[in-house]
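# Overview (structure and organization)
Spelled out, the chains give:
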Amino acid sequence: MGETVLPQTAQSESVLFTNAAVLDAAAGAVVPGRRVLVRGGEIAAVGTDVEAGDARVVDLGGKTLMPGLIDCHVHVNAHTADLSGLGDQSPAYVAVKAAIELREMLGRGFTTVRDPGGADFGIHDAVAEGLIDGPRIFFGGKALSQTGGHVDMRPRGRSVHNDHQCCPDLGLVCDGVDGVRRAAREQLRTGAHHVKIMLSGGVASPTDRIDSTQFSIEEIRAIVEEAEAANRYVAGHAYTARAINRGLAAGVRSIEHGNLLDESSVELFLEHDAFLVPTLVTYRRMAVEGAEYGLSPANLAKNEIVLDAGLRALELAHRAGVNLCYGSDLLGGMRKHQSDEFAIRGAVIPAADVIRSATVTAARLLGEESRLGQVAPGFAADLLVVDGDPLADLAVLTDPGAHLKLVMQGGNVKHGTLG
């Protein structure tokens, strides 16, 4: 899917972790008594007899060493849940707020994120060049919406809208096959790693219905065609089975949310080897805090429609073997609850599968399965040291303040110390 460079911070030192309980995310097992050598920003060796050479030796005392986490659905620009007003704010102000949030995400153990609406090449480059600390970003630029769709944030009485790329809203409006082709090409021109489209209505938009379908089949196929021509893929926001199925049949690679899917959707996920990115925590938090952070009564009413259905959809998809990825999709001050998605999913599916969704499966969606998501030779040295076994208790991940002792990204310590 294309190279995303590691942050270019100070040259990382060589480190040998000893007495580590390595979490093998692919196997769903913790293997004690391992030695892990980090050199040149990568994992150089894993085993029981790895020599230190000139590396600094760090005895983990049996603590768990695991891959850095991957969140496949964040909005780094969305420092407020009032998305209608976001586009009128200063891009400089929004960028500073995004930088603060990225640093906090990294401190929760998320060393990589995918932003399917809002983040652009500027914030991506700032992280990649080491100007700010944060997870490496796989960005989609502005999400694409039809007129009256999920990122058409105009109130009913407004006719004009401004789609200038410097406006910090999360999407742009486009219509017709020619219009959507051009819009997709514009996002891809900036280096976007995927193209995000709105296949159905959403909670935070002012004029659409949750159960609507958005874009014609011809428009969806045109966007998919443009993404595939650039060796990229399409991520589709969708809730109902009807909207999900239209997207999957047209070649959309990942479905975001998917709360109202059914058995027919599951069959299409499996047929196309597509990915589902549930974002259950955002509905929980919007029900509790949404009004405080800018959601209108109409938005909150739409949230109720999808709130409880998400767990049933997750259970159905997991039972069938659908590719599941971790997502949070939180807005405004609710983003501090990013890690709570682990506990919500853990109530209905095994911990090992929840962790895979934030490591190996997420890496595969990003096209980085040979570089991210595992503690293995040749992989990026994105590593967490946690006190406890996440496979036995997901609370180890939901409370990073208590359990997360070290965050290493590309061989550089970003949180905690090697002491």
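The sections below set out a description of the structure shown in this document. Only a predicted model underlies this, so the values are computations on that prediction, with no experimental measurement involved.

## Considering the packing of helix 6 (residues 241-249) against helix 7 (residues 263-272)
A pair of packed helices can be characterised by two numbers: the angle between their axes and the separation between those axes. At a minimum axis separation of 9 Å, helix 6 and helix 7 run at an interaxial angle of 20°. Classified by the angle between their axes, helix 6 and helix 7 sit roughly parallel to one another. With respect to the hand of their crossing, helix 6 and helix 7 are arranged in left-handed fashion. Taken together, the residues of helix 7 that come into contact with helix 6 (itself represented by Ala-241, Ile-244, Asn-245, Leu-248 and Ala-249) are Ser-264, Ser-265, Leu-268, Phe-269 and His-272.

## Concerning a negative patch on the surface
There is a patch of like negative charges on the surface, built from Asp-262, Glu-263, Glu-267 and Glu-271. With respect to the helices and strands, Asp-262 occurs in the loop between strand 13 (254-260) and helix 7. Note on Asp-262: relative accessible area 33%, which makes it partly exposed.

## Some words on the nonpolar core
Where a protein is soluble and globular, its nonpolar side chains tend to be buried together. Counting 89 residues, the largest nonpolar core has Leu-144, Val-195, Ile-197, Ile-223, Ile-255, Phe-269 and Phe-342 as the members making the most contacts within it. Counting 19 residues, the second largest nonpolar core, distinct from the first, contains Val-36, Ala-376, Leu-406 and Leu-418.

## Quick look at the sheet that holds strand 6 (residues 69-71)
Strand order in this open sheet of three strands is 6-7-8, and the pairing throughout is parallel. Two strands in the sheet have a free side with no partner beyond their single neighbour: strand 6 and strand 8 (136-139). Along the sheet, successive strands turn relative to each other by an average axial angle of 15°, direction set aside. In this sheet, strand 7 (residues 110-115) lies alongside strand 6 in parallel orientation, the contact comprising three bridges. Directly across from Leu-69, in strand 7, lies its bridge partner Phe-110.

## A few points about helix 8 (residues 280-289)
Across the ten residues of helix 8, seven count as buried, placing the element largely inside the fold. Three or more residues of helix 8 are buried, namely Leu-280, Val-281, Thr-282, Tyr-283, Arg-285, Met-286 and Glu-289. Buried residues in helix 8 make contact with strand 12 (233-240), strand 13, helix 9 (297-307), helix 10 (309-320) and helix 11 (341-346).

## Topic: the pairing of strand 11 (residues 194-198)
Burial within strand 11 is extensive, with five of its five residues counted as buried. Side chains His-194, Lys-196 and Met-198 project from strand 11 onto one buried face, and the interleaved Val-195 and Ile-197 project onto a second face that is buried too. In the sheet, strand 11 pairs with strand 12 via five bridges, with the strands oriented parallel. Residue Met-198 lies in a different strand from strand 12, and its bridge partner there is His-237.

Thresholds applied
- Residues numbered from 1 in each chain as written.
- Predicted model: local features only at pLDDT ≥ 70, side-chain atom pairs only at ≥ 80, totals over all residues.
- Heavy atoms only, no water.
- Axes fitted to C-alpha atoms, helices over the stretch in contact; angles between N-to-C directions.
- Helix = DSSP H or I, 4+ residues; strand = E, 2+ residues; numbered from the N terminus.
- Parallel < 35°, antiparallel > 145°, perpendicular 65-115°, else oblique.
- Left-handed = near helix turned anticlockwise from the far one by under 90°.
- Contact = heavy atoms within 4.5 Å.
- Patch = residues over 30% accessible without salt bridge, like charges linked within 9 Å, V, L, I, M, F, W, Y side chains within 5 Å.
- Areas by Shrake-Rupley, 256 points an atom, 1.4 Å probe, with all protein chains shown as cover.
- Salt bridge = Lys/Arg side-chain N within 4 Å of Asp/Glu carboxyl O.
- Lys, Arg positive; Asp, Glu negative; His and termini not counted.
- Charge placed at Lys NZ, Arg CZ, Asp CG, Glu CD.
- Buried < 20%, exposed > 50% of the residue type's maximum accessible area, 1.4 Å probe, protein only.
- Core = buried A, V, L, I, M, F, W, Y, C linked by side-chain atoms within 4.5 Å.
- Pairing = 2+ DSSP bridges.

From the geometry alone we can't say anything about function, so treat these as descriptive.
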